[in-house]
Amino acid sequence: MSEDWSRLRAEHLVETEWLAAHMDDPGVRVVDLRGEVRAQTEESGYQTAEYLGRPDAYAAGHVPGAVYLDWTSDLIDEADPVPAQAAPAEKLARVLGERGIGSEHLVVAYDDHPASQFATRLWWLLRYYGHDRCRVLNGGWKKWQAEGRPVATDVPAHPPATFTPRPRPEWRRTAEQVLEQIGKPETLLVDARDTGQYTGRIRRGIRGGHVPGAISFPREELVREDRTFQSPERMAEAVRGAGLDPQRQVVAYCNGGVASTSVLFALSMLGYEGLSNYDGSWNEWNAREELPVETGEGS
């Protein structure tokens, strides 16, 4: 592993051994983000999806000292008609401050998703709001449990803190900005959904398919069966094979701007810069019939 990759990996991931040794550090805040997207697909290919938090899982047992954030309520903008959009700055500051998470803290996020997509969603949201000190627990809750690490059921009482958002607009893209970038050689649109949704064979919403010119790169390429992230060498091989050029601006999307953050997280871990999340993603794009759509395998 190159020195740069080793450094970058340490700036994005923590291992279970590290967290076990540091979970009581006053400068560390552990966040449980367990949730799910419950999808059902009809024979016609039409798919519905329900966005759910898992506070029940947190209550049954969590990493000692961890607070719970519900990705379907705590981290969203309730006023936005598009589901699960990023919480506005003032709301995020309030939610984090009430949980005892301040700008001075190192945040360690985990979930039980195979690609850690809810943890990487928080990583992206914090990056968007100017907080770089966020790590994802490699292997998440499943690895923590499998290793017999300590489990708690109490809710920690961290003192209130002050989180000061400093928005970085370049980390988030709107539909209008994505539309403007279609066909531009400096921009690469990346679809993080599964192949069935990319081609339009599976349709979640009014229309199936993908943003014209987007390449398909399902985030499953980035993780192992044990839910840990692949080695930097293996991830680099996968992204090169998919045509992800580090010299181009990458705009990733999925259905709700969540799975796409796993791809952005991995690219950032490989040293890619110029990364953006189209937060509205397919939930918004498919519903706006004035926006163009391609079906099939793409170019």
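None of the values given here were measured: they were computed from a predicted structure.

**Things to note about the layout of surface pockets**
Next, step 1: Size it by volume and the largest pocket reaches roughly 320 Å³.
Next, step 2: Lining the largest pocket are 20 residues, with Val-37, Gln-117, Arg-204, Arg-219 and Asn-255 positioned closest to its centre.
Next, step 3: Elements with a minimum of two residues in the lining of the largest pocket: strand S3 (35–41) and strand S4 (47–53).
Next, step 4: Among the elements that take part in the lining of the largest pocket, S3 stands out by supplying three residues, more than any other.
Next, step 5: Within the lining of the largest pocket, the residues separate by chemical class into eight nonpolar, six polar and six charged.
Next, step 6: By volume, the second largest pocket is sized at about 170 Å³.
Next, step 7: Forming the walls of the second largest pocket are 16 residues, and the residues nearest its centre are Gln-85, Arg-172, Arg-173, Thr-174 and Glu-284.
Next, step 8: Listed by contribution, the elements that provide at least two residues to the lining of the second largest pocket are strand S8 (172–173) and helix H7 (175–181).
Next, step 9: Take the lining of the second largest pocket: its biggest share by element is three residues, from H7.
Next, step 10: For the lining of the second largest pocket, a count of residues per class yields five nonpolar, four polar and seven charged.

**What about the side chain of Gln-197?**
Next, step 1: Residue placement: Gln-197 occurs in helix H8 (residues 195–199).
Next, step 2: Overall, the relative accessible area of 4% leaves Gln-197 in the buried class.
Next, step 3: Engagement of the side chain of Gln-197 in a polar contact is seen with the side chain of Asn-255, the distance being 2.8 Å.
Next, step 4: Those residues in contact with Gln-197 that sit more than four places away from it in its chain are Gln-47, Ile-202, Arg-204, Gly-209 and Asn-255.

**A closer look at the state of the cysteines**
As used here, a disulfide is simply a covalent bond connecting the sulfur atoms of two cysteines.
Next, step 1: Scanning the model with the defined rule gives zero disulfides in all.
Next, step 2: In this model Cys-134 remains outside any disulfide bridge; the closest cysteine sulfur is found in Cys-254, 18 Å from its own.

**Focus: the pairing of strand S9 (residues 187–191)**
Next, step 1: For S9, the buried fraction is high: five of the five residues fall into the buried class.
Next, step 2: Alternating residues of S9 divide into Thr-187, Leu-189 and Asp-191 and Leu-188 and Val-190, and every residue in both groups is buried.
Next, step 3: Pairing of S9 with strand S11 (residues 249–253) involves five bridges; the strand directions are parallel. Its bridge partner being in S11, Val-190 is matched across the sheet by Ala-252.
Next, step 4: Across two bridges, the pairing between S9 and strand S10 (residues 215–216) is parallel. Looking at S10, one finds that Val-190 is bridged to Ile-215.

**Focus: the pattern of salt bridges**
Next, step 1: Per the counting criterion, the structure on display carries 20 salt bridges.
Next, step 2: In this structure, Asp-56 engages Arg-54 in a salt bridge whose closest nitrogen and oxygen atoms are separated by 2.9 Å.
Next, step 3: Relative accessible area serves as the criterion here: at 25%, Arg-54 is assigned to the partly exposed category.
Next, step 4: A salt bridge links Glu-176 to Arg-288, with the shortest nitrogen-to-oxygen separation between them at 2.7 Å. Of this pair, Glu-176 sits in helix H7 while Arg-288 sits in the segment after helix H11 (281–285); the two residues are 112 residues apart in sequence, bridging distant segments of the chain.
Next, step 5: Given a relative accessible area of 44%, Glu-176 falls into the partly exposed group.
Next, step 6: With a relative accessible area of 23%, Arg-288 lands in the partly exposed category.

**Details of helix H9 (residues 232–241)**
Next, step 1: Burial in H9 covers these residues: Pro-232, Met-235, Ala-236, Ala-238 and Val-239. The arc that holds every buried residue of H9, seen down its axis, measures 165°, which confines them to one face. In H9, the exposed positions angled more than 90 degrees off the buried face are occupied by Arg-240 and Gly-241.

**Comments concerning the pairing of S4**
Next, step 1: Here S3 pairs with S4 via seven bridges, running antiparallel. Within S4, the position partnered with Arg-38 by the bridge is Glu-50.
Next, step 2: Linking two consecutive strands that pair antiparallel, namely S3 and S4, is a turn of five residues; a positive phi of about 100° is found at Gly-45 within it.

**Comments concerning the packing of aromatic side chains**
Next, step 1: Enumeration over the complete set of coordinates arrives at ten aromatic pairs.
Next, step 2: For the pair Tyr-110 and Trp-141, a centre-to-centre distance of 6.0 Å together with 20° between the ring planes defines the contact as stacked. Residue Tyr-110 is found in strand S6 (residues 106–110), and its partner Trp-141 is found in helix H6 (residues 140–146); the two are separated by 31 residues along the sequence. Of the two residues examined, Tyr-110 and Trp-141, each falls in the buried class.
Next, step 3: Taken together, the ring pairs connect Trp-123, Trp-171, Phe-229 and Phe-265 into an aromatic cluster.
Next, step 4: Above the plane of the ring of Trp-141 lies Arg-34, whose end atom (NZ or CZ) is 4.3 Å from the centre.

How each quantity is defined
- Residues numbered from 1 in each chain as written.
- Predicted model: local features only at pLDDT ≥ 70, side-chain atom pairs only at ≥ 80, totals over all residues.
- Heavy atoms only, no water.
- 1 Å grid on protein atoms, 1.4 Å probe; cavity = no way out; pocket = protein on both sides within 12 Å on 5 of 7 lines; lining within 4 Å.
- Points joined across faces, edges and corners; volume = space filled by probe spheres on them.
- Helix = DSSP H or I, 4+ residues; strand = E, 2+ residues; numbered from the N terminus.
- Nonpolar A, V, L, I, M, F, W, Y, C, P; charged D, E, K, R; others polar.
- Buried < 20%, exposed > 50% of the residue type's maximum accessible area, 1.4 Å probe, protein only.
- Polar contact = N/O pair within 3.5 Å; in protein donor to acceptor, adjacent residues only side chain to side chain.
- Contact = heavy atoms within 4.5 Å.
- Disulfide = S-S within 2.5 Å.
- Pairing = 2+ DSSP bridges.
- Salt bridge = Lys/Arg side-chain N within 4 Å of Asp/Glu carboxyl O.
- Arc of directions from axis to C-beta.
- Phe/Tyr/Trp six-rings, centres within 6.5 Å; stacked < 30°, edge-to-face > 60°.
- Lys NZ or Arg CZ within 6 Å of the ring centre and 35° of its normal.

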